[in-house]
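Architecture and fold: a report
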Amino acid sequence: MVFTLMVWGASSASAGGPTSVLITSPAAGEASALYYSDADYRELERLLGPAETGSTEQPKGADLDRARQINVTWLAHDISPWRVDRVFAVESEPPWVWIHTAANVPENLNGYWHRAEQPGRLSSLLKRLGVTGKASGEGYTGIFPAPWQSDAPAAADAPTAAETPGPATADTRTGSVRVGAPGAGDRTDDGTDWWWALPGMAAGAVLALLLRPFASQVRPDRWRRKDTAGPRQELRDM
């Protein structure tokens, strides 16, 4: 019974909210992380701004080629990414920062462009977190956000059965990532839907345990067929 309740209760568990954030600098090869209980966690969230505000188009006139890209990945339960902010900062006087926010990860990376309202404070926070060092020869410029795409997955991009899985490759100019392994849409039935029968098996086991004491008290000849020819007679010598 306890096992059955655990199986039924697992489907109603909620994913919960974000618990940590990972900040990385691809060019410098630096990384930092914050937990939700840290004051800088809430400060970073405030300075990056709301998720679905701004424009879906790349800002015109913004010289993003000379900007430093910093990736901010928000994690639910420390393992599941749900939002990605790509920060493009230029150290100038005054500094300016553009942010691309995608809040429907990992389904897609569609996001909105908006300018930081307090670029100076955001740049100071990132510097304090240690992700604004000099570019390293082992780093890379980062993956630029791709143009807004349809929410529906493209059928042409889905790998076929004849394709051989291979390593993941990334195009830093378009922001597209291609992985040779089959996607979720190519999964076949592997027989893992048997779990729905577990509650019935558990209920049958419990029922058998409850009826066992009663079954041991029943006489073996109780269920024998009775003679329907009438009462038996016996002739005795008196």
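Each remark here, short or long, concerns the structure printed above.
Of the regular secondary structure elements, the protein chain holds 4 helices and 8 strands. Along the protein chain, from the amino end to the carboxyl end, the secondary structure elements read α-β-β-α-β-β-β-β-α-β-β-α. For the protein chain, buried positions account for 29% of its 238 residues. Here the analysis covers contacts within the protein chain between residues at least 6 apart in sequence; of these, 58% occur between residues at least 24 apart.

Under the counting rule described, the total for this entry stands at 6 aromatic pairs. Here the aromatic rings of Tyr41 and Trp74 are separated by 5.3 Å at their centres, their planes lie at 85°, and the arrangement is edge-to-face. Note that Tyr41 is positioned in helix H2 (residues 39-48) and Trp74 in strand E3 (residues 68-76), a separation of 33 residues in sequence. With centroids separated by 5.9 Å and ring planes inclined at 35°, the aromatic side chains of Trp113 and Phe144 adopt a geometry described as tilted. With a gap of 31 residues between them, Trp113 in strand E6 (residues 112-115) and Phe144 in the loop between helix H3 (119-128) and strand E7 (169-170) connect regions that are remote in the sequence. Following the ring pairs from residue to residue traces out a cluster consisting of Phe88, Trp113 and Phe144.

Glancing now at H2. Of all the residues in H2, the buried ones are Asp40, Tyr41, Glu43, Leu44, Leu47 and Leu48. Axial view of H2: buried residues confined to an arc of 165°, hence all on one face. Of the residues flanking the start of H2, the one acting as N-cap is Asp38, its side-chain oxygen 2.9 Å from the backbone nitrogen of Asp40.

Of all the positions in H3, only Pro119, Leu122, Leu125 and Leu126 are classed as buried. Down the axis of H3, the buried side of the element spans an arc of 125°, and every buried residue falls inside it. Exposed and facing more than 90 degrees away from the buried side of H3 are Lys127 and Arg128. Of the residues one or two after H3, Gly130 is the one with positive phi, at around 80°.

The biggest cluster of nonpolar side chains holds 20 residues, and the ones touching the most others in it are Ile23, Leu44 and Leu122. For this core, the elements supplying multiple residues, two or more each, are strand E1 (18-25), H2, E3, strand E4 (80-90), strand E5 (96-102) and H3. Considering every element that reaches this core, the biggest residue donor is H2, with 4 residues. Aside from chain neighbours lying at most four places away, what touches Leu44 is Val21, Ile23, Leu34, Val72, Trp74, Leu122, Leu125 and Leu126. One finds Leu64, Phe88, Trp96 and Trp98 within the second-largest nonpolar core, a separate group that totals 9 residues.

The next subject is the side chain of Arg83. Among the structural elements, Arg83 can be located in strand E4. By relative accessible area, Arg83 is classed as buried at 5%. Of the polar contacts made by the side chain of Arg83, one reaches the backbone oxygen of Gly49; its length is 3.0 Å. Not counting residues within four places of it along the chain, the set of residues in contact with Arg83 comprises Leu48, Gly49, Pro50, Ala51, Val72, Thr73, Trp74, Thr101, Ala102, Ala103 and Val105.

With that settled, the discussion passes to the pattern of salt bridges. If the charged atoms of two oppositely charged side chains come close together, the side chains can form a pair. Under the counting rule described, the total for this entry stands at 5 salt bridges. The partner of Asp85 in a salt bridge is Arg83, and the shortest N-O contact between them spans 2.8 Å. No difference in accessibility class separates Asp85 from Arg83, as the two residues are buried. Taken together, the shared-partner salt bridges in this structure form one network comprising Glu43, Arg46 and Arg121.

Okay, the pairing of E5 next. Burial analysis of E5 places 7 of its 7 residues in the buried class, which makes it a mostly covered element. Burial of the side chains of E5 extends over both faces: Trp96, Trp98, His100 and Ala102 are buried on one face and Val97, Ile99 and Thr101 on the other. Of the strand pairs in this sheet, E4 and E5 are connected by 7 bridges, and their pairing is antiparallel. Paired with Asp85 across the two strands is Thr101, which belongs to E5. Linking two consecutive strands that pair antiparallel, namely E4 and E5, is a turn of 5 residues. In terms of strand pairing, E5 meets E6 through 4 bridges, oriented antiparallel. Looking at the pairing, Thr101 lines up with Tyr112 of E6.

The rules we used
Residues numbered from 1 in each chain as written. Predicted model: local features only at pLDDT ≥ 70, side-chain atom pairs only at ≥ 80, totals over all residues. Heavy atoms only, no water. Helix = DSSP H or I, 4+ residues; strand = E, 2+ residues; numbered from the N terminus. Buried < 20%, exposed > 50% of the residue type's maximum accessible area, 1.4 Å probe, protein only. Contact = heavy atoms within 4.5 Å. Phe/Tyr/Trp six-rings, centres within 6.5 Å; stacked < 30°, edge-to-face > 60°. Arc of directions from axis to C-beta. Polar contact = N/O pair within 3.5 Å; in protein donor to acceptor, adjacent residues only side chain to side chain. Core = buried A, V, L, I, M, F, W, Y, C linked by side-chain atoms within 4.5 Å. Salt bridge = Lys/Arg side-chain N within 4 Å of Asp/Glu carboxyl O. Pairing = 2+ DSSP bridges.

Limitation: the analysis is restricted to geometry and does not speak to function.
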